[in-house]
Each structure stands twice: as C-alpha cells, then as structure tokens.
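# What the coordinates show
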Amino acid sequence: MGEVTANELRSMFSAIADAVTEHRDRLSELDGVIGDADHGITMELGFSTVKTALASNDAEADLGAIFNIAAKSFLNAVGASSGPLYATAFMRAGAVLKGKTSAGADDMVAALTAMAKGIEDRGKAVTGEKTMVDAWHPAADAAEAERAKGSPLAVCLKAAAEAANAGAESTKAMLATKGRASRLGERVLGHADPGAVSAALIVGTMAESLG
Ligand code: ADP
Ligand code: MG
C-alpha cells in the first residue's frame, strides 16, 4: 500500500474490532487468571464503539480527526484501565496525523510510536512490568528500526507485529507491578498479560490491514 487515507484507517479499526471480537473469550480467560476476567469484553466494547462511530463519520478525511473520534468513543465506552490507555494512544496518534488526509510510512510509524509512548505516559509503566507496554514498546522500536533502514510501511508493521507477539509471550515470565495483577505476586508467573496479548492482536491486525 502507498499512502494511508481515512478510508484505510476506518477499515483498520473495523478489522481490529472484528479481530478482538473473534478473540474476546480468550482475552477474558487470560484476564480471569490474573485480573477480573473482563478484558475481552472491554476491548470488544471499545473497538466496536469506535467502528460504529467511524462508520457514521464517513465524510471525515482528516486522519487526526479519525484518531480523535476513536479516542473519544473508546474512552466513553470503556470504564476499565484499558479505556484511558487506548484513548491516550489514539489522541497521540491523532496529534501526529492532524491536518493530513494521507500518510506515508514515516507518518504512520511516527503515529505507532506516539501510541506506544502515550500508553507508557498514561499508565506510568515501563517494559518488564507485565502490561500492554511489553508489547507496544518493542513494536514501536521494531517499526522505527525498519523505517531507519528505509523499509516500506508493510515491512515496518510486520516487524512491529512480530515484536509485539514476542513481547506478549515474554510477559509469562514476569511479575506484575502495575494494575490488578500486581496484587497476586508469584501466582501470575507462567501466565501472559491479557493487555499485552490484545496489544499484539491489535498491532498484528494493523499490519495485515495497512500492510
Ligand atoms: P481492568 O484491569 O481495569 O479490568 P482491562 O482488563 O481492560 O482493565 O485491562 C487490563 C490490562 O491493562 C492489563 O492486562 C495490562 O496490560 C493493562 N494495564 C493495567 N494497568 C496498566 C498501566 N498502569 N500501564 C499500562 N498498562 C496497564
Ligand atoms: Mg480486567
């Protein structure tokens, strides 16, 4: 794909909503082990609300506005901790893409990095704390590294998706110091963080949809 436009972003959010719905039960099961078993439900609700909001804004061409609509809808729909985390991610991507009706590889990789940074800032988490940051941070790093080599967007996003998967897998060996799971001590060992698993699903779907 060459330049990303508003319609591609709408399709991307729609594909993420479908993927999250498909994996809803698995995500809630993971959250059942180390949290409160709602992660699949919250993510499905958040992204399906975004999908509906974007469908009713089908004339919007500004990529920044698309992400801002996503941020507002996600925040309104989701009361769980992932609500403000993803709302911040989308607002940051919106700031990067503000005023643009098409985005190339540099813009899209910058938007991905802004999303990861937004989640880290909002959650005050760093890698190694068994959260979605363990998928988002390496994903952004991998995309930036590919882009620095001059790779096209599809290659950057594929590298991001692989890094997010590896990051989600790595959370199995981590103790949790943020969020609900931090109360469980060593009982969380051997279990993946649901937010990191859904993050890998999201980045993977972005790669498939925009790649
Ligand atoms: P809740 O914990 O309120 O039920 P969810 O189940 O939707 O919210 O999301 C849980 C996920 O949110 C966790 O698996 C973790 O990845 C992520 N998370 C929780 N707190 C933080 C934080 N401070 N920073 C980054 N991610 C976090
Ligand atoms: Mg939960």
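The sections below set out a description of the structure shown in this document. (Residues numbered from 1 in each chain as written. Chains lettered and ligands numbered in written order. Predicted model: local features only at pLDDT ≥ 70, side-chain atom pairs only at ≥ 80, totals over all residues. Heavy atoms only, no water.)

### Section: the coordination of the magnesium ion (ligand 2)
Distances from the magnesium ion (ligand 2) to its protein donors, Asp31 (OD), Asp36 (OD) and Asp38 (OD), fall at 2.0 to 2.2 Å. Within one chain, the residues donating to the magnesium ion (ligand 2) are spaced in sequence as D-x4-D-x1-D. (Donors = N, O, S within 2.8 Å, 3.2 Å for Na, K, Ca; no water.)

### So, the packing of helix 5 (residues 82-97) against helix 6 (residues 105-123)
At a closest axis distance of 7 Å, the pairing of helix 5 and helix 6 adopts a crossing angle of 145°. Once helix 5 is placed against helix 6, the crossing between them reads as right-handed. Facing Pro84, Leu85, Tyr86, Thr88, Ala89, Phe90, Arg92, Ala93, Val96 and Leu97 of helix 5, the residues of helix 6 in contact are Asp107, Met108, Ala110, Ala111, Ala114, Met115, Lys117, Gly118, Ile119, Asp121, Arg122 and Gly123. Classifying every residue of the contact of helix 5 with helix 6 by side-chain character gives 14 nonpolar, three polar and five charged. (Axes fitted to C-alpha atoms, helices over the stretch in contact; angles between N-to-C directions. Helix = DSSP H or I, 4+ residues; strand = E, 2+ residues; numbered from the N terminus. Left-handed = near helix turned anticlockwise from the far one by under 90°. Contact = heavy atoms within 4.5 Å. Nonpolar A, V, L, I, M, F, W, Y, C, P; charged D, E, K, R; others polar.)

### Some remarks on the pattern of salt bridges
Pairing of side chains with opposite charge becomes possible as their charged atoms draw close. Applying the stated criterion to the full structure yields 12 salt bridges. A salt bridge links Asp18 to Lys51; its shortest N-O distance comes to 2.9 Å. Residue Asp18 is found in helix 1 (residues 6-22), and its partner Lys51 is found in helix 3 (residues 39-55); the two are separated by 33 residues along the sequence. Connected through shared salt-bridge partners, Arg24, Asp25 and Glu44 make up one network. (Salt bridge = Lys/Arg side-chain N within 4 Å of Asp/Glu carboxyl O.)

### Topic: the nonpolar core
Core analysis: the largest hydrophobic core is formed by 65 residues, its most contacted members being Phe13, Phe47, Phe67, Tyr86, Phe90 and Trp136. Residue assignment for this core shows that the elements contributing at least two residues are helix 1, helix 3, helix 4 (63-77), helix 5, helix 6, helix 7 (133-148), helix 8 (153-170) and helix 9 (194-210). With 10 residues, helix 9 is the single largest residue contributor to this core. If near-sequence neighbours (up to four positions away) are discounted, Phe13 is found in contact with Phe47, Val50, Leu54, Ile66, Phe67, Ala70 and Phe90. (Core = buried A, V, L, I, M, F, W, Y, C linked by side-chain atoms within 4.5 Å. Buried < 20%, exposed > 50% of the residue type's maximum accessible area, 1.4 Å probe, protein only.)

### Topic: the layout of surface pockets
Here the largest pocket defines a volume of roughly 500 Å³. Ser81, Ser82, Leu85, Met132 and Gly179 are, among the 27 residues lining the largest pocket, the residues nearest its centre. Counting residues per element, the ones that place at least two in the lining of the largest pocket are helix 2 (24-34), helix 3, helix 5, helix 6 and helix 9. Residues of the lining of the largest pocket, tallied by class, amount to 10 nonpolar, nine polar and eight charged. (1 Å grid on protein atoms, 1.4 Å probe; cavity = no way out; pocket = protein on both sides within 12 Å on 5 of 7 lines; lining within 4 Å. Points joined across faces, edges and corners; volume = space filled by probe spheres on them.)

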